[in-house]
Amino acid sequence: MRFPPKYFLALIGSFLLWGFSFPVLKIALQTNTTSAIILYRYLFVLAMVLPFFLRKIRGIGVLRRHPALFLIGISNWAGSFLQFAGLRLTSSTKSAILT
């Protein structure tokens with residue numbers, strides 16, 4: 001099965017973004033706290049996703065209808081926090097391999 005070249009380029013781009021995130025976070029952790037980095041990360045994602053969320057869902061009422069989404073969000077935050085806190089204690093290479 002052949003795929004268009006744009007899919008291959010998207011795959012390579014995602015590999016590069018994922019791979020470079022660990023050394024960049026290691027450098028960022030030298031000047032910022034773990035909580036600050038997570039705050040910046042989630043605010044950036046919120047700014048990018050919020051227009052689509054509001055247009056599609058039309059409000060925050062979805063959390064009332066689907067409380068599991070809140071638990072998924074908290075679990076995602078906790079995983080990020082633990083990963084970034086652990087990155088302070090190990091090398092970026094080990095962190096990339098373990099995650």
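Look a little higher up for the structure.
Analysis parameters
Residues numbered from 1 in each chain as written. Predicted model: local features only at pLDDT ≥ 70, side-chain atom pairs only at ≥ 80, totals over all residues. Heavy atoms only, no water. Phe/Tyr/Trp six-rings, centres within 6.5 Å; stacked < 30°, edge-to-face > 60°. Helix = DSSP H or I, 4+ residues; strand = E, 2+ residues; numbered from the N terminus. Buried < 20%, exposed > 50% of the residue type's maximum accessible area, 1.4 Å probe, protein only. Core = buried A, V, L, I, M, F, W, Y, C linked by side-chain atoms within 4.5 Å. Contact = heavy atoms within 4.5 Å.

Looking now at the packing of aromatic side chains. Applying the stated criterion across every chain, the model contains three aromatic pairs. Ring plane angle 80° and centroid distance 5.2 Å describe the contact between tryptophan 18 and phenylalanine 22, whose orientation is recorded as edge-to-face. Pair noted here: tryptophan 18 and phenylalanine 22 are both in helix 1 (residues 5-28), with a separation of four residues, about one helical turn. Here tryptophan 18 falls in the partly exposed class, since its relative accessible area comes to 46%. Taking relative accessible area as the criterion, phenylalanine 22 reaches 3% and is therefore assigned buried. Between the aromatic rings of tryptophan 77 and phenylalanine 81, the centroid separation amounts to 5.5 Å while the plane-to-plane angle is 20°, which identifies the pairing as stacked. With tryptophan 77 and phenylalanine 81 both in helix 4 (residues 68-87) and four residues apart, this pair spans about one turn of that helix.

In this structure, Leu25, Leu29, Ile37, Ile38, Phe84 and Leu87 together form the largest nonpolar core, which totals six residues. Every element with two or more residues in this core is listed here: helix 2 (34-57) and helix 4. With sequence-adjacent residues up to four places away left out, isoleucine 38 is seen in contact with Trp77, Ser80, Phe81 and Phe84.

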